[in-house]
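Residue-level listing of the chains:
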Amino acid sequence: MKKISLLFTLMLSVHAIFAQDTMKPTGLQVGDKAPLFSVKDYTGKEIKLKKELKKGPVILVFYRGEWCPYCNKELSFLNDSLEYIKAKGASVIAISPETNSSILKTIGKTKASFPVISDIGLAIMKNYKVNFKVEDEIVKKYKGFGVDFNMTNGENGANLPVPATYIIGKNGLVKYVYFNPDYRKRSSVKDLLDNL
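Residues numbered from 1 in each chain as written. Predicted model: local features only at pLDDT ≥ 70, side-chain atom pairs only at ≥ 80, totals over all residues. Heavy atoms only, no water.

A.B. asks: Is there a simple way to explain the sheet that holds strand β4 (residues 91-96) in this structure?
C.D. replies: What links the strands of a sheet is backbone hydrogen bonding, and the strands pair in either a parallel or an antiparallel sense. What the five strands build is an open sheet, ordered β5-β4-β3-β8-β9; its pairing is mixed. Whereas interior strands pair on both sides, the edge strands pair on one side only; in this sheet they are β5 (116-118) and β9 (174-179). Geometrically, the sheet is characterised by an average inter-axis angle of 20 degrees between neighbouring strands, direction not taken into account. By the bridge criterion, five bridges tie strand β3 (residues 58-62) to strand β8 (residues 164-168) in an arrangement that is antiparallel. (Pairing = 2+ DSSP bridges. Helix = DSSP H or I, 4+ residues; strand = E, 2+ residues; numbered from the N terminus. Axes fitted to C-alpha atoms, helices over the stretch in contact; angles between N-to-C directions.)

As structure tokens, then:
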């Protein structure tokens, strides 16, 4: 089983990197004005970026889905370090193309106690320039390994974000960016804490 899982991960790594490169999402840059958003989480609670920024900086994390072990590890690390993040006056919001039912699975796997948002319609992902459409050939490969984007993402279909992390300052400007098409690589909690 471990060999199959490793093979699956390696195959998808190569294909996902290729797919991301051909779609060319660029991400935002340090100093850019962070696009504001107001969305409801899976419980119906409204999350407004403007309101969160009044309290302090926001770490905004884009992740692919509950089926992605790298995403789950990242969210788990953030949750484990949440008291250190809060001690710096900051908060965390995670954004995904997943449906709310898939987000419940993410929360179950990662124990995330910060807002985890379904970006229905992909507006947030597009505004932050992280969205890309997964090519049909790669969609079939994922489906062969049990990842059906129509099931996990609903109306968002085969769209994913480049895993990206932004720190947005109280002034609404991006002060830190981690953007890497290789989804196996993520920013460390130490880097985030050092940049808050």
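A.B. asks: Sorry if this is basic, but what is going on with the pattern of salt bridges here?
C.D. replies: When their charged atoms lie close together, side chains carrying opposite charge are able to pair. As enumerated under the stated definition, the model contains seven salt bridges in all. Between K55 and E52 there is a salt bridge, and its shortest N-O distance comes to 3.3 Å. Note that K55 and E52 are positioned in helix α2 (residues 49-55) at a spacing of three residues, about one turn of the helix. You can call E52 buried: its relative accessible area is 16%. K109 is the partner of E66 in a salt bridge, and the nearest nitrogen-oxygen pair spans 2.6 Å. Pair noted here: E66 is in the loop between β3 and α3 (69-80) and K109 is in helix α5 (residues 100-110), with a separation of 43 residues, a long-range link. Beyond isolated ion pairs, a larger network of salt bridges with shared partners links D182, R184 and K185. (Salt bridge = Lys/Arg side-chain N within 4 Å of Asp/Glu carboxyl O. Buried < 20%, exposed > 50% of the residue type's maximum accessible area, 1.4 Å probe, protein only.)

A.B. asks: Is there a simple way to think about the nonpolar core in this case?
C.D. replies: Nonpolar side chains in soluble globular proteins tend to end up buried together. Formed by 34 residues in total, the largest nonpolar core has its most connected members in L78, I85, V92, F114, V116 and F149. Mapped by element, the contributors of at least two residues to this core are β3, α3, α4 (82-87), β4, α5, α7 (136-144), β9 and α9 (189-194). Setting aside chain neighbours within four positions, we find L78 in contact with V61, I85, V92, F114, V189 and L192. Listed in part, the 22 residues of the second largest apolar core include I47, L49, V58 and Y166. (Core = buried A, V, L, I, M, F, W, Y, C linked by side-chain atoms within 4.5 Å. Contact = heavy atoms within 4.5 Å.)

A.B. asks: Any chance you could explain the layout of surface pockets here in plain terms?
C.D. replies: Where empty space is left becomes clear once a probe the size of a water molecule has been rolled over the atoms. Roughly 170 Å³ of internal volume is contained in the largest pocket. Contributions of two or more residues to the lining of the largest pocket are made by α3 and α9. Top contributing element to the lining of the largest pocket by residue count: α3, with five residues. Partitioned by chemical class, the residues of the lining of the largest pocket number five nonpolar, three polar and five charged. (1 Å grid on protein atoms, 1.4 Å probe; cavity = no way out; pocket = protein on both sides within 12 Å on 5 of 7 lines; lining within 4 Å. Points joined across faces, edges and corners; volume = space filled by probe spheres on them. Nonpolar A, V, L, I, M, F, W, Y, C, P; charged D, E, K, R; others polar.)

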